[in-house]
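Residues per chain are reported as follows:
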Amino acid sequence: MRSFHNLLVTGGAGFIGSNFIRYVFGQTGYDGRIINLDALTYAGNPASLDDIAQAVGGRYVFVHGDIRDTALLADVFERYAVDAVCHFAAESHVDRSILAPDDFVQTNVVGTCNLLQAARARGDKLTLFHHISTDEVFGSLGPDGFFSETTPYCPHSPYSASKAASDHFVRAFHDTYGLPVTLTNCSNNYGPYQFPEKLIPLMILNALEGKPLPVYGQGLNVRDWLYVEDHCSAIWTVMTQAAVGSTYCIGGRSELPNIEVVRRICALVDRLAPPLPGGQARETLITHVPDRPGHDARYAIDCSRLEQDFGWKQTVDAAAGFEKTVRWYLEHSAWIETVRSGEYRSWLERNYAHR
Ligand code: NAD
Ligand code: DAU
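Residues numbered from 1 in each chain as written. Chains lettered and ligands numbered in written order. Predicted model: local features only at pLDDT ≥ 70, side-chain atom pairs only at ≥ 80, totals over all residues. Heavy atoms only, no water.

Under the criterion given, the structure shown has 16 salt bridges. Between Asp66 and Arg68 there is a salt bridge whose closest N-O contact spans 2.7 Å. Given the relative accessible area of 21%, Asp66 is considered partly exposed. In this structure, the salt-bridge partner of Arg264 is Glu260, at a minimum N-O distance of 3.0 Å. With Arg264 and Glu260 both in helix H9 (residues 258-272) and four residues apart, this pair spans about one turn of that helix. Through salt bridges with shared partners, one network takes in Arg96, Glu197 and Lys198. (Salt bridge = Lys/Arg side-chain N within 4 Å of Asp/Glu carboxyl O. Buried < 20%, exposed > 50% of the residue type's maximum accessible area, 1.4 Å probe, protein only. Helix = DSSP H or I, 4+ residues; strand = E, 2+ residues; numbered from the N terminus.)

Next up, the structure:
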């Protein structure tokens, strides 16, 4: 088992990063320190980890900083004697990348290169650089087949192109400079603390409030859904056990067309939340809107390498995970208000009047 003492997590105030920090402190027995470096864009909320900060004291450090800032990175790596990195920080929303690709290049590509350079400067004091990536780098599947570790890259959106570029740089730093890297490419995550621009939290909150539920096109595009905590356990497994230079695909074996996801969310909100006026079924709020340009038809991951090499298994299936997630959003109105009060609301108003 690989071990480390000063783990730098980038983007730890975002959705998966905050769940990962919570998971590592709560469920792995890790006894070192985590340094959470986050620029706090519209998607980052440090309050997501307030309880963890209290529980672990000095073993959790938050640094408000940007991976585009090379001087800051050099300082953070030395000051905190960083010996491992788990790199989540990214612009993560496909629709935003279509409207404005520049930030995706700057953070996802240039920022990742900066981080790789800072990690490399630590020499043999650095045990591991783990890079978090996505199944979107592989492009789009037809009705059959799965993405795996050997699938060639074929990104379509500016987001997935920027993630593909960052993956290539991570592998190049391993092949060229011997940086000890591992990578994971994961399917669609859902669960607590996800920013309500992504399909599942957006549909939960709109359904709750009786607002239209915007489904792109016919809603027949298929995604492979994974509960976020299962993603976190897979990342930890790879970070502590996988060979340097290796890549693993992570998925939930839970393929669903978007329209089916939205219908399930509607049924759950109808069951768990107060009824709409007149008892209107939430499903009637579904509104088909123009499709996302270049919309990938289907993603599905074959994660058998991860299962076979380490015995990793997902623990929360879609039925249980969707219900846990709806319940979480119903119980966390303060968190929702905080993240909705910032730039997000004005961005939505500028770009998506139909929401
Ligand atoms: P998110 O948008 O919720 O969080 C991103 C975090 O990164 C935010 O806290 C933000 O403030 C921070 N950040 C953005 N730019 C930064 C910068 N320049 N410097 C420092 N911090 C910055 O994203 P997420 O959904 O949690 O995704 C995390 C990672 O996982 C991303 O790399 C994404 O590509 C990858 N991923 C996401 C999914 C998914 O379904 N959400 C699936 C597979 C892979
Ligand atoms: O596959 C992994 C990827 O999953 C991650 O790399 C990304 O960071 C993450 O954002 C997610 O990308 P998607 O584009 O698949 O997620 P999103 O929630 O934006 O959309 C899911 C599906 O739902 C997609 O087919 C588009 C559709 N959709 C989305 C929104 C926001 C709608 O029909 N209506 C919507 O309002």
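And the narrative resumes.
Rolled over the atoms, a probe sized like a water molecule indicates the empty space that remains. Within this structure, the stated rule accounts for three cavities of 30 Å³ or more. Lining the second largest cavity are Val94, Ile98, Glu136, Ser157, Arg223, Arg292, Pro293, Gly294, His295, Asp296 and Tyr299. (1 Å grid on protein atoms, 1.4 Å probe; cavity = no way out; pocket = protein on both sides within 12 Å on 5 of 7 lines; lining within 4 Å. Points joined across faces, edges and corners; volume = space filled by probe spheres on them.)

With respect to spatial proximity, 25 residues lie near ligand 2, and among them Thr134, Asp135, Tyr159, Arg292 and His295 are the closest. Thr134 places a side-chain nitrogen or oxygen 2.7 Å from an oxygen atom of ligand 2. Asn258 is positioned with one of its side-chain polar atoms (N or O) 2.8 Å from an oxygen atom of ligand 2. In isolation ligand 2 exposes 690 Å². Once the protein is present, 94% of that is buried. Elements that contribute at least two residues to the shell around ligand 2 include exactly helix H7 (199-209) and strand S8 (213-216). Class assignment of the residues belonging to the shell around ligand 2 gives a composition of 10 nonpolar, eight polar and seven charged. (Near = heavy atom within 4 Å. Polar contact = N/O pair within 3.5 Å; in protein donor to acceptor, adjacent residues only side chain to side chain. Areas by Shrake-Rupley, 256 points an atom, 1.4 Å probe, with all protein chains shown as cover. Nonpolar A, V, L, I, M, F, W, Y, C, P; charged D, E, K, R; others polar.)

Look at H7 against helix H11 (residues 318-331): their axes get within 10 Å of each other, and the N-to-C directions meet at 55°. Regarding the angle of H7 to H11, the classification is oblique. Here the hand of the crossing between H7 and H11 comes out right-handed. Contacts between H7 and H11 involve Ile200, Pro201, Ile204, Leu205 and Leu208 from the former and Phe322, Thr325, Val326, Tyr329 and Leu330 from the latter. (Axes fitted to C-alpha atoms, helices over the stretch in contact; angles between N-to-C directions. Parallel < 35°, antiparallel > 145°, perpendicular 65-115°, else oblique. Left-handed = near helix turned anticlockwise from the far one by under 90°. Contact = heavy atoms within 4.5 Å.)

Near ligand 1 lie 29 residues; those nearest to it are Ile16, Asp38, Ser92, Tyr159 and Lys163. Contact between ligand 1 and Phe15: an oxygen atom at 3.0 Å from a main-chain N or O atom of the residue. In this structure, Phe88 approaches ligand 1 through a main-chain N or O atom, which is 2.9 Å from an oxygen atom. Protein coverage of the free-state accessible area of ligand 1, which is 830 Å², stands at 96%. Taken together, the elements giving at least two residues each to the shell around ligand 1 come down to helix H1 (15-27), strand S5 (128-134), helix H6 (158-177) and strand S7 (188-190). If one sorts the elements of the shell around ligand 1 by residue count, S5 sits on top with three residues. Within the shell around ligand 1, the residues separate by chemical class into 13 nonpolar, 12 polar and four charged.

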